[in-house]
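Topology and contacts: notes
Okay, here's what each chain looks like letter by letter:
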Amino acid sequence: SLTYIPAMSALFLSKNVTHQRTLSDRLMAYLEQRHQRLLTRALRWPKMVLAIAFALFGGALVLLTHLGGEFIPELEEGDFAVDTRVLTGSNLQTTVQATQQTAGILLRHFPEVEKIVTKIGSGEIPTDPMPIEAADMMVILKDKKEWTSARSFDELAEKMAERLQAVPGVTTGFQFPVQMRFNELMTGARQDVVCKIFGEDLDTLAFYAQRLGELIQRVQGARDLYVERVKGMPQIVVRYRREALARFGLQVDEVNRIVNTAFAGGVAGLVFEGERRFDLVVRLAESERRRVEDVQNLLIPTPWGTQVPLSQIAEVQIEDGPNQIQREDAKRRIVVGFNVRGRDVESIVEELHAAVMGQLRLPPGYYITYGGAFENLREAEQRLAIAVPVALLLIFILLYFAFGSMSQGLLIFTAIPLSAIGGVAALALRGMPFSISAGVGFIALFGVSVLNGIVLIAEFNRLRKSGLDDFHDLVRQGTRTRLRPVLMTAAVASLGFLPMAISTGAGAEVQRPLATVVIGGLISAGLLTLVVLPVLYVLWSRWLSRGGRSPVAAAAGISLVLVGLSGNALAQPTLTADQAVERVLSTHPALQAAHVGVAQAERLLGTARELPPLNAELELGQINARFFDSRFFINQSFYLPAVYRSRRALLEQQRLQSTSEARQVEREWIRQTRTAYYTLLVLEEKRRLWREWDSLYQAAIQRAEQRLRSGETNALEKNALETQRWLIAQQHQRVEVEWRTTHRHFEQLVGGSAMPAPTALLYPLMGMDDTLAMAEPHPLWAAQQQRVAAAKAERLVAQSQLLPSLSVGYTNLSITGWQQDRAGQETYYSPAHRFSTVTLGVQIPLFTNAQRSRLAAADLQITREQHRLEAVARSVQTEYWNALQRFRLLDEQVQQCREWLEPQGRLLNSTANRQLQAGEINYIEWLLLVRQAFEIRLSCLDLILLRNEAAFDVEYWR
């Protein structure tokens, strides 16, 4: 064939029309001969053909999961946009020098560069706000045919970035201009993938952003890492010493005014020029305000006429302050971005997410979101989850109206999975990930691929109406007649998309995946449809001729599957186990209440230095004259410093206790979330088993009805089967109720409608030790330790009540009247003459019996909490050991079930089917054997459920 067909094809180039027609007929005869031989073998072993088709489709699905994904393929725009940044706080001159040096390196070492244009900061109309230390360097490149340093844009960007590493303090990121602007409009950052860390504290955000950047650097394919700088802006900080200000008689606002005037300028008067007037601003000369020493040596005038340097009344130093504070959804956030080269976006983000979940533990209230091209991919996949089922449903409806038969519509519908095999294989062969353009290609492919099935089924129906009864002859003659139209349908569409598949011009990156999917899918659909569809038609026709269910009834059952597929368009969003846990930790009210309790305990730390109320008194009355005398008194009490220290220690222990209790609440809700998640997965598998078992009994009841009508048996067999099916329906209903209840509980946990994503039923548990490591104690243990410490702190507070306290008072009074001195002269004292006194007092507790009783009670409370701590420690160790032993036992049983019981069940099932076909057992005996296999699978699922619960208990107590 490999030598015959090219030779025949070469003769088509001849201009002789007669020769072309002859050669065309000979070529089609050759293809018909080969196809008839293949079809004859396929009709001889139909089950093998269907098994191969199912295997190919299953392999395509597995291959699709390993293709990766991206939003749209990266378009080669012809030029580079280099995001260039220097150190935070750099001035304009530094940025200009750095960009000029960077541009010079590129122009000297890369002949592909035609010119470079750099934009620094923001323009007069700040549509693109940028700081002074950021610049956009537009690298205009020559035509790709003139390149000598590299063959592709990725290779050229890698070499340029390597060269620019020689410039100190400069970071660069290579992208295409439109792509960079597109990313910036979508997420506020210019990189392909943007990781946003949300939280409250800037230092914590900066720390975890640096940790996340270290993880990203270890991911293959991640380039041009960018970590947003929220700190690093150098600032001159002036901290006044209040005692020094009081010693020199200075006020803070006056010193601030002098400092501001010296370095920023202050208004000293007005200058008039005609009718216009201007403020006269004075400040120090440029040479006197360049260094921090100039601020320290600034002279401040005092009220006594002297001048003191600012360094004597304040601490002046340079510190790194906040550079910027970004918020999104009323929450502080920091951005960590990177570009993608050599890999698809989906696989990189999945690898990074797995690394983050395993190596980066964020504090409560902090979480990470992934945006940029990955976010667009997820949103587009959700739209495709609606568009693809709707398109499939519309195709099926049109097929039904065209043939008036649901069963024949389903036969033609098999061309869709057969075409998907070639589409996925073509993407894999060309090394293309799944993208939105490829998804659109699949939708177009599904519509075109059913044309071959329409052509064949229509011909089969025509031959059947003409009186041809032998199914083998019918499909042979039908495929021989319609071989040319089938090949022409696939060839026309494939050749039409071929220029798009091999195009290398502008925008070809988006066209190639679409055309690749259509061409590969039409090739597989054209080849497999000519073999698989005739085999299915023969099997379907034989089944109907043997007394099977009517076409409408058979198709109605299968159409439920299609309706279920189309229902996925309105299906609930799926969550992985880690995503469900993250959502519960960030949104559940119980966890929010625990975090509020921690914040409340932190606020109470400010009450440690609380003073007694100020005592103020005013007296009016007559002392020794007819005038009213006045007296006012002010008194303030103070505790000794030991009292405040003991209060502070008590509040600090209470804060730590609240933190441990919040961690305990988090563990509890994590266990509940994972339990509900994996319980739903196991219950879903149980639902599938019960539906399968119900369908088997339904078929058995139909068989019993046929035997009853033929007189082979009595009504007892049919009644017994109906009773068993009723019992199965009750069990199925209980599983359905349990599934709905668990699903409702799961939705309440995650705070919205959601479903678990399909994953392995066994929860992976790592790091099982026989002894409980106390490097990070269990929250229950830690909370009880804090209670012991709090009891000790309460005793210190009670003991501090035995210490004396101090008081300071001030009295001012008037005594109206006449007073005679020794010389006999009298002096009149009016109410304006005032007398002042200052009092210092000490309050000493003399009667301490009650307080000592409180101390004794506090000692007993400490002993009580210590005993509780020992009990909690033993309980945690015991619960962990019990959970670990239970998990190991159940895990071993599950392994035995999977390695021995389930193979035995499959062997039992296959043996029963073989014996039933051979006539060695009857239908009732077959049902009993199949039921044993079913109960084995059901018991294995119960063991998996118990094993997962034990795994969650181990993690909870660990």
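Right, let's talk about the overall build of the chain for a bit. Check the secondary structure of the chain and you find 26 helices and 23 strands. Burial analysis of the chain (958 residues in total) assigns 41% to the buried set. Within the chain, counting contacts between residues at least 6 apart in sequence, those at least 24 apart form 77% of the total. With an accessible surface of roughly 52800 Å², the chain has 57% of that area assigned to carbon and sulfur atoms.

The subject of this paragraph is the sheet that holds strand E1 (residues 80-85). Pairing is antiparallel in the open sheet, where 4 strands are placed in the order E2-E3-E1-E4. One side of each edge strand has no neighbouring strand; the edge strands of this open sheet are strand E2 (113-120) and strand E4 (171-175). For this sheet the average axis-to-axis angle between neighbouring strands, irrespective of direction, equals 20°. Here E1 runs beside strand E3 (residues 134-141); their pairing, made up of 6 bridges, is antiparallel.

This part takes up the side chain of Gln657. Take Gln657: it is sitting in helix H22 (residues 641-710). In this structure Gln657 comes out as buried when scored by relative accessible area, which is 16%. Dropping the residues within four chain positions of it, Gln657 is found in contact with Ala783, Gln786, Arg787 and Ala790.

A complete count under the given rule lists 14 aromatic pairs for this structure. For the pair Tyr639 and Tyr644, a centre-to-centre distance of 6.2 Å together with 70° between the ring planes defines the contact as edge-to-face. On the basis of relative accessible area, Tyr639 is assigned to the partly exposed category, the value being 28%. When its relative accessible area of 9% is taken as the criterion, Tyr644 is described as buried. Seen in terms of ring centroids, Trp690 and Phe934 are 5.1 Å apart; in terms of plane orientation they differ by 70°. Their pairing is edge-to-face.

Ordered by their spatial adjacency, 4 strands build an open sheet running E17-E18-E20-E23, and the pairing between neighbours is antiparallel. With one partner strand each, in any of the chains shown, strand E17 (615-621) and strand E23 (835-843) form the two edges of the open sheet. Strand-to-strand twist across the sheet, computed as the mean angle between neighbouring axes with direction ignored, equals 15°. Here E17 pairs with strand E18 (residues 629-638) via 7 bridges, running antiparallel. Opposite Gly621, over in E18, you have Asp629 as the bridge partner.

Moving on, we come to the packing of helix H11 (residues 345-359) against helix H12 (residues 373-403). It is at 10 Å that the axes of H11 and H12 come closest, and there the two elements cross at 110°. With respect to H12, the axis of H11 lies roughly perpendicular. The residues of H12 that touch H11, namely those facing Val345, Glu346, Val349 and Glu350, are Ala373, Phe374, Leu377, Arg378 and Glu381. Classifying every residue of the contact of H11 with H12 by side-chain character gives 5 nonpolar, no polar and 4 charged.

Next up on the list: the pairing of strand E8 (residues 266-273). In the sheet, E8 pairs with strand E9 (residues 276-282) via 7 bridges, with the strands oriented antiparallel. Paired with Glu273 across the bridge in E9 is Arg276. Linking E8 back to E9 in an antiparallel pair, the connection comprises 2 residues, with Gly274 at a positive phi of about 70°.

Note: predicted coordinates in regions of low pLDDT should not be interpreted at a detailed level. On average, the chain scores 78 in pLDDT, and the residues at 70 or more come to 88%. Note that pLDDT drops below 50 for residues 1-5; the model gives that stretch 7 contacts with residues more than four away or on any other chain. Long-range and interchain partners of residues 547-571, a stretch whose pLDDT sits below 50, account for 28 contacts in this model, where long-range means more than four residues apart.

With that settled, the discussion passes to helix H7 (residues 202-217). Taking 1.5 Å per residue, 16 residues should reach 22 Å; H7 reaches 22 Å between its end C-alpha atoms and fits that length. Taken together, the buried residues of H7 touch strand E5 (193-199), strand E6 (222-227), strand E12 (314-322), strand E14 (331-340), H11 and strand E15 (367-372). Backbone nitrogen of Asp203 and a side-chain oxygen of the N-cap are separated by 3.3 Å at the start of H7; the cap is Asp201.

What follows concerns helix H13 (residues 406-413). The element H13 is extensively covered by neighbouring structure, given that 8 of its 8 residues are classed as buried. Taken as a whole, H13 has its buried residues at Met406, Ser407, Gln408, Gly409, Leu410, Leu411, Ile412 and Phe413.

For the structure shown, the criterion picks out 23 salt bridges. Between Arg688 and Glu685 there is a salt bridge whose closest N-O contact spans 2.4 Å. Placement of the pair is Arg688 and Glu685 together in helix H22, with a separation of 3 residues, close to one helical turn. For Arg688, a relative accessible area of 35% gives the class partly exposed. One salt-bridge network, in which partners are shared between bridges, spans Glu668, Arg671, Arg886 and Asp953.

Right, let's talk about the environment of Val271 for a bit. Tracing the backbone through its elements, the reader meets Val271 in strand E8. Exposure remark for Val271: the relative accessible area of 32% places this residue in the partly exposed category. Once the C-alpha coordinates of Val271 and Val281 are considered, the two residues, 10 residues apart in sequence, prove to be 10.0 Å apart. For Val271, the contacting residues outside a window of four places in its chain are Arg276, Arg277, Phe278 and Leu280.

All right, on to a positive patch on the surface then. Taken together, the side chains of Arg34, Arg37, Arg41 and Arg44 present a region of like positive charge at the surface. Relative to the assigned elements, Arg41 resides in helix H2 (residues 17-44).

Moving on, we come to the nonpolar core. Counting 57 residues, the largest nonpolar core has Phe442 and Tyr537 as its most contacted members. If one sorts the elements of this core by residue count, helix H18 (residues 508-545) sits on top with 13 residues. Leave out the neighbours within four places in its chain, and Tyr537 touches Leu411, Ile457, Phe460, Asn461, Arg464, Leu474 and Val475. Core analysis: the next-biggest nonpolar cluster, separate from the first, contains 56 residues, Leu689, Trp690, Phe934 and Ala951 among them.

Among the 8 residues of E3, 6 are classified as buried, and the element is accordingly described as predominantly covered. Pairing between E2 and E3: 7 bridges, direction antiparallel. Bridge pairing in E3 places Thr118 opposite Met137.

Okay, the environment of Phe413 next. Secondary-structure assignment places Phe413 in helix H13. Take Phe413: its relative accessible area is 10%, and that puts it in the buried class. The sequence separation of Phe413 and Leu533 amounts to 120 residues, and the corresponding C-alpha distance is 9.8 Å.

Definitions and limits used
- Residues numbered from 1 in each chain as written.
- Predicted model: local features only at pLDDT ≥ 70, side-chain atom pairs only at ≥ 80, totals over all residues.
- Heavy atoms only, no water.
- Helix = DSSP H or I, 4+ residues; strand = E, 2+ residues; numbered from the N terminus.
- Buried < 20%, exposed > 50% of the residue type's maximum accessible area, 1.4 Å probe, protein only.
- Contact = heavy atoms within 4.5 Å.
- Areas by Shrake-Rupley, 256 points an atom, 1.4 Å probe, with all protein chains shown as cover.
- Pairing = 2+ DSSP bridges.
- Axes fitted to C-alpha atoms, helices over the stretch in contact; angles between N-to-C directions.
- Phe/Tyr/Trp six-rings, centres within 6.5 Å; stacked < 30°, edge-to-face > 60°.
- Parallel < 35°, antiparallel > 145°, perpendicular 65-115°, else oblique.
- Nonpolar A, V, L, I, M, F, W, Y, C, P; charged D, E, K, R; others polar.
- pLDDT = per-residue confidence, 0-100.
- Expected span 1.5 Å × (residues − 1).
- Polar contact = N/O pair within 3.5 Å; in protein donor to acceptor, adjacent residues only side chain to side chain.
- Salt bridge = Lys/Arg side-chain N within 4 Å of Asp/Glu carboxyl O.
- Patch = residues over 30% accessible without salt bridge, like charges linked within 9 Å, V, L, I, M, F, W, Y side chains within 5 Å.
- Lys, Arg positive; Asp, Glu negative; His and termini not counted.
- Charge placed at Lys NZ, Arg CZ, Asp CG, Glu CD.
- Core = buried A, V, L, I, M, F, W, Y, C linked by side-chain atoms within 4.5 Å.

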